[in-house]
Amino acid sequence: MSCCGEGASLAAIELARSQPDPVDDHVDPAFLREAKDGATELTLIVPDMHCAGCLAKVERALLSVAGVSRARANLTAHKAVVGFDPQTAEAEELIAAVRGVGYAARPVDPAVFNNVADEEAGAELLRSLAVAGFAAGNVMLLSVSVWSGADEATRNLFHWISAMIALPAIAYAGRPFFRSAARALSARSLNMDVPISLAVVLAALMSLHETIIGARHAWFDASITLLFFLLIGRVLDFRMRGVARAAATRLLSLSADSARLVGEDGRISLVRAGAVKPGDVVEVAAGERVPLDGTVISGWSDIDKSPLTGEPLPEAVRDGCAVFAGTLNVTGPIRLKVEKGAGDSLLADIIRLMEGAEAGRGRFVGLADRAARIYAPAVHILAALAFVGWFLVGIGWHDSLMIAIAVLIITCPCALGLAVPATQIVASGRLLKEGIIVKDGAALERLAGVDTVVFDKTGTLTGGDPRLAEEPEVDDRTWALAAALASKSRHPLAKALAAAAQDRGVTPLSVEDVREEPGAGMEARFEGRRVRLGRREWVAETDPAESGGAFSEIWLEIPGAAPKAFRFVDRLRPDAAPLVARLKEMGFGVHLLSGDRPEAVAAAARGLGIAEWKGGVTPADKVAEVERLQREGRHVLMVGDGINDAPALAAAAASISPATGSDISQVAADFVLSSGALAPVAEGIAVARRARRVILENFAIALAYNAIAVPVALAGFATPLIAAVAMSSSSILVTANALRLSLGAGKRATAKQQPRNALADTGREAAA
């Protein structure tokens, strides 16, 4: 259907992303910056780089331009950073050089890539873990000799060597905890890192004191081992958050950060999209993304709105039709009169909806966070009471402090800190085998609590691959003529028609003077007469009652006969119906929300057995429906793939996006289906529920450990060394319990295979 209510066009969907643009396009100086080496620097987005060979080709092309001093391409971010001398080379030449070797390129504001803080934090954690592990291993080896009864001189020597290894390692590896504790104390509050820092620092200082006076015991091994175990938990937690940052970086490579502004004199300049104002005119070439919301003032084309709406068929546009930022211009160049600035576009509105929904979901407080609110002050109170109590008893400050340090170490939240991330890592590995990528470990807790599943239709429950809905009433000659025209186009419906003809063994007829009418269809001459394959209104005057209703359609003009229609349906995925049936068996409510035509949504809902459905809904409507369900006390899992689903994905308690979905939907979602299959959705919920039980068991283990160990430490029977060994043992026990999630997976999968197979016929019927 076109923007003016017409059917989908048959214009070719050739994505000419590397189509060359005029070399004299002017690049806005705002894209340039001065680098530290004095060179002028330009950052280019090169979205078509997919391998090391692409990267090398782009770099060679840039370096071949006179005046370029350096060129470095980044395959992950799909960007290239070029340093050049503006007196010798121009920015326009650099873009032309990349396009000259077959790659689309456009300038981008380098500020969007300034995400180094998170990368540095992750690198610091890994370095700290490596230092702590190295030091702990060596100090423990030295401690073995001390524990074995080394004489006084050897013992003192080993204590000093341990001090020289452990103290610098503690100072370096403990920085993440020390900084966090300092921030909390400066804000007059407590967090889990305050008792950790106190235990590590006090144990190290007391060990140094004992070494100086030549005492029998020192506890450098306890301090550095404590840090090592805590850093393991911190690194695991950081890794769980890394996937979302990587997805956000990929999203930048697809965003239209620049626009081709048409000046009053007709000259085209490349400028930042944010610099374009309402009323300006921009040109969008075939294969480019629309940078801003606007109205077409010249040109005919097809617009692929699937990144925005998830709907698979391009939409024909002409003068007066509205187009939106983030969509893809498919067939021909068009010029737009900009109606809204970059901050007011439909895409920006969707992102704002998503951010608002994420803020609401961010109020979710995890189990570990709730435990920390009570745990941190309780530890300080216990240690202080131990010191004061024993000091008043009269054993002296030294022994009283040693007991307090033992209490701090033995109550150190190492097991508690590992309880959640260790379980999340194991559960994530388990889900990865099932075809689910976990982006946010905290979302496993939310997924475990869902009781309602809301699905998008197009691209989620359906494959986005149109097939013939019914056998058309046409003869072999008509089939051959339709195949001849369809084979010349790459429009999804034409491709589906050509594939259907090939499956039937149809040999296309020979046609002449084939041409494409942008936004309408294909035209040719057959036996000296005109034939057309395309939109109903373009092919011939027909009765509107003959429209396909829930089906997409294209029409064939036949010389001397009435036009014939070929109707298509976006078929359900084979595993969609089995998944819905299994979710119902598990007691979940199942809903369907889609921006597609209500007739098509109703047909899909009937095929899947979903009673609750809505069609023709906007992104805001999807958010409102999800929020309505949650106000009723439901815990919603949203499954969707389009940019229009992103706000609802963020608003739901938990969310899943297929790997074939838009980058924004994958950024907004908590989980990504890597295999393309839907069946893992139910298994993901089951694993999340088991993970929640394991986390609760880990908390119970940690509390049971404290219930036994704390009285022993308070009674003065535990030295800091014994406390460190007990703490490490509890951490190992918690980790071993988390590993149970990966055991017995094969038996569970086998047990569940039979009911899935029993439902397979239902899925095949729905797909048919």
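The numbering scheme is per chain: residues are counted from 1 as the chain's sequence reads. With pLDDT at 70 or above as the cut-off, local features in this predicted model cover only qualifying residues; side-chain atom pairs require 80 or more to be listed or tallied, and sums for whole chains, interfaces and linings still use all residues. Computation of side-chain values covers all heavy atoms of the structure but excludes hydrogens and water.

1. What to know about the sheet that holds strand β12 (residues 315-317)
Strands were regarded as paired on the criterion that DSSP finds at least two bridges between them. Helix numbering and strand numbering both begin at the N terminus, where a helix is a DSSP run of H or I of at least 4 residues and a strand a DSSP run of E of at least 2. The strand order β12-β11-β14 describes an open sheet built from three strands, whose pairing is antiparallel. Of all strands in the sheet, those bounded by a partner on one side alone are β12 and β14 (328-329).

2. Description of the pairing of strand β3 (residues 40-45)
Buried residues are those whose accessible area, probed at 1.4 Å on protein chains only, stays under 20% of the maximum for their type, while exposed residues exceed 50% and partly exposed ones sit between those limits. Burial of β3 is extensive: six of the six residues sit out of reach of the surface. Covered by surrounding structure in β3 are Thr-40, Leu-42 and Leu-44 together with Glu-41, Thr-43 and Ile-45, the residues of both alternating faces. Counting the residues that bridge the hairpin from strand β2 (residues 32-34) to β3 gives five residues, and of these Gly-38 lies at a positive phi of roughly 90 degrees. Relative to strand β5 (residues 79-84), β3 runs antiparallel, the two being bridged by six bridges. Note on β5: the bridge partner recorded for Glu-41 is Gly-83. Alignment of β3 against strand β6 (residues 106-107), held across two bridges, turns out to be antiparallel. Within β6, the position partnered with Ile-45 by the bridge is Arg-106.

3. Focus on the environment of Glu-434
Position of Glu-434 relative to the elements: it lies in helix α13 (residues 414-434). It is 8.0 Å that separates the C-alpha atoms of Glu-434 and Gly-684, two residues lying 250 residues apart in sequence. When residues no more than four places from it in sequence are discounted, the contact partners of Glu-434 are Pro-680 and Glu-683. Here the side chain of Glu-434 touches Arg-430 through a polar contact of 2.8 Å, side chain to side chain. Any pair of residues with heavy atoms lying within 4.5 Å of one another is described as a contacting pair. Between N or O atoms, a polar contact is any pair within 3.5 Å; within protein, one atom must be a potential hydrogen donor and the other a potential acceptor, and residues adjacent in sequence are included only when both atoms are from side chains.

4. Digging into the sheet that holds strand β28 (residues 671-673)
Backbone hydrogen bonds are what pair the strands of a sheet, in a parallel or an antiparallel way. As summarised here, the arrangement of the seven strands in space is β16-β28-β27-β26-β17-β24-β25, forming an open sheet in which the pairing is mixed. Each end of this open sheet is capped by a strand with a single partner; those strands are β16 (436-438) and β25 (612-614). Strand-to-strand, the axes of this sheet are offset by a mean angle of 20 degrees, without reference to chain direction. Inspection of the sheet shows strand β27 (residues 654-658) paired to β28 by three bridges, in the parallel sense. If you follow Ser-657 over to β28, its bridge partner there is Val-672. Its contacts with the sheet put helix α21 (residues 619-631) on β17 (452-455), β24 (589-593), β25 and β26 (636-639), and the angle it makes with β26 is roughly 155 degrees. Axes here refer to lines fitted to C-alpha atoms; in helices the fit is confined to the stretch in contact. Angles between the N-to-C directions go from 0 to 180 degrees.

5. Side note on helix α19 (residues 576-585)
An α-helix turns once per 3.6 residues; consequently, residues spaced three or four apart project the same way. With respect to burial, α19 is a largely interior element, seven of its ten residues being buried. Looking only at α19, the buried set comprises Ala-576, Ala-577, Pro-578, Leu-579, Val-580, Arg-582 and Leu-583. Gly-587 lies just past α19 and shows a positive phi near 95 degrees.

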